[in-house]
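If you want the building blocks of each chain, they are given just below.
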Amino acid sequence: MSEQGNGRDRKLLTTRQGHPVYDNQNQRTVGARGPSTMENYHFLEKMSHFDRERIPERVVHARGTTSFGFFEATGMVGDEPISRYTRAKLFQEAGKRTDVAVRFSTVAGGRDSSEAVRDPRGFAVKFYTEDGNWDLVGNNLGVFFIRDAIKFPDFIHSQKPDPVSFERQVPNRVFDFISQSPESMHMVTLVFGPRGIPASYRHMQGFGVNTYKWVNAAGETKLVKYHWHPKQGVKSWTEADAAAMQAQELGCHTKDLYEAIERGDYPEWELSVQLMDDHEHPELDFDPLDDTKVWPEEVFPLRKIGRMVLNRTVDNFFAENEQIAFGTGVLV
């Protein structure tokens, strides 16, 4: 990020949301010698980055790969101007392009694990907008295993391999957790179905999973769900396909993605949304904020708002892939 100042370009330090940092050396205190205040957001972020700058491995999504490209807006949502529903600048003008970084990943395995395993896939997109960074963090299956975040550590522990044999022990821990969390069944049927082993990162869908809110210039709101659909089509592997590939190459999906970009076969996704009025919906037999449910497309149709193209791989794998971070609270 740069700034025009006194006839010269000046590099700016920014927060993870892309907002400029005006003072990187001083905090606000209560009086000249008093304690620091909790409003020192940049200090808290700087320390959290410092604590994590030696990254041994992510607890989840450790095996992943990042690529870069752009998002191009249509300026419309279906056949209506998108400004009717949102004031987010990256969507307003037809043809407007916003730089993006996308990290695809598996979930349960370690950093050196196979990419051909049966597992959900992470699909995290970082938009570098003029109003700061926006992270649309999701997966390739559209829903999630749990509704209550307090279950997340328990769920992940149920997925991790045995520390001695490295076997997944599916009949024991995985189904023990599922049996006690019936809301998981929707996601489980997807993981153990054809979508559980994508043929490549280029051939899988992406979803925001959570329900978000759009706000227009008048302050009016809509509930929104995000869908990424690959122009290349959706393809999956059988167990036999995956086993054959895993015998040859652990990083098969990263290799496929990088080789496609390097030969100019840039993968592309269409971004569509589902919209719903922002109020209670007693007529529905599900909660539209429940991330274990999908919205029926025959009632809430998909409406295209743009496309994403990936056309560059990483130059520094550690800095641009291992250290890249996404959070659902990073919004514009």
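Residues numbered from 1 in each chain as written. Predicted model: local features only at pLDDT ≥ 70, side-chain atom pairs only at ≥ 80, totals over all residues. Heavy atoms only, no water.

## Quick word on the pattern of salt bridges
Okay, step 1: Enumeration over the complete set of coordinates arrives at 23 salt bridges.
Okay, step 2: For Arg97, the salt bridge is made with Glu72, and the minimal N-O distance between the two is 2.8 Å. Of this pair, Arg97 sits in strand S6 (residues 97–106) while Glu72 sits in strand S3 (residues 64–73), and the two are 25 residues apart along the sequence.
Okay, step 3: Exposure remark for Arg97: the relative accessible area of 49% places this residue in the partly exposed category.
Okay, step 4: One salt bridge connects Glu80 with Arg303, and the closest N-O pair in it is separated by 2.3 Å. Of the two residues, Glu80 is situated in strand S5 (residues 80–81) and Arg303 in strand S13 (residues 303–313); the sequence distance between them amounts to 223 residues.
Okay, step 5: The exposure class assigned to Glu80 is buried, which follows from its relative accessible area of 16%. (Salt bridge = Lys/Arg side-chain N within 4 Å of Asp/Glu carboxyl O. Helix = DSSP H or I, 4+ residues; strand = E, 2+ residues; numbered from the N terminus. Buried < 20%, exposed > 50% of the residue type's maximum accessible area, 1.4 Å probe, protein only.)

## Looking at helix H6 (residues 252–262)
Okay, step 1: Restricting attention to buried positions, one finds in H6 the residues Cys252, His253, Thr254, Leu257, Tyr258, Ala260 and Ile261.
Okay, step 2: Against S3, S6, strand S7 (121–129), helix H5 (239–246), S13 and helix H7 (317–322) lie the buried residues of H6.
Okay, step 3: After H6 finishes, the residue Gly264 shows a positive phi value of roughly 85°. (Contact = heavy atoms within 4.5 Å.)

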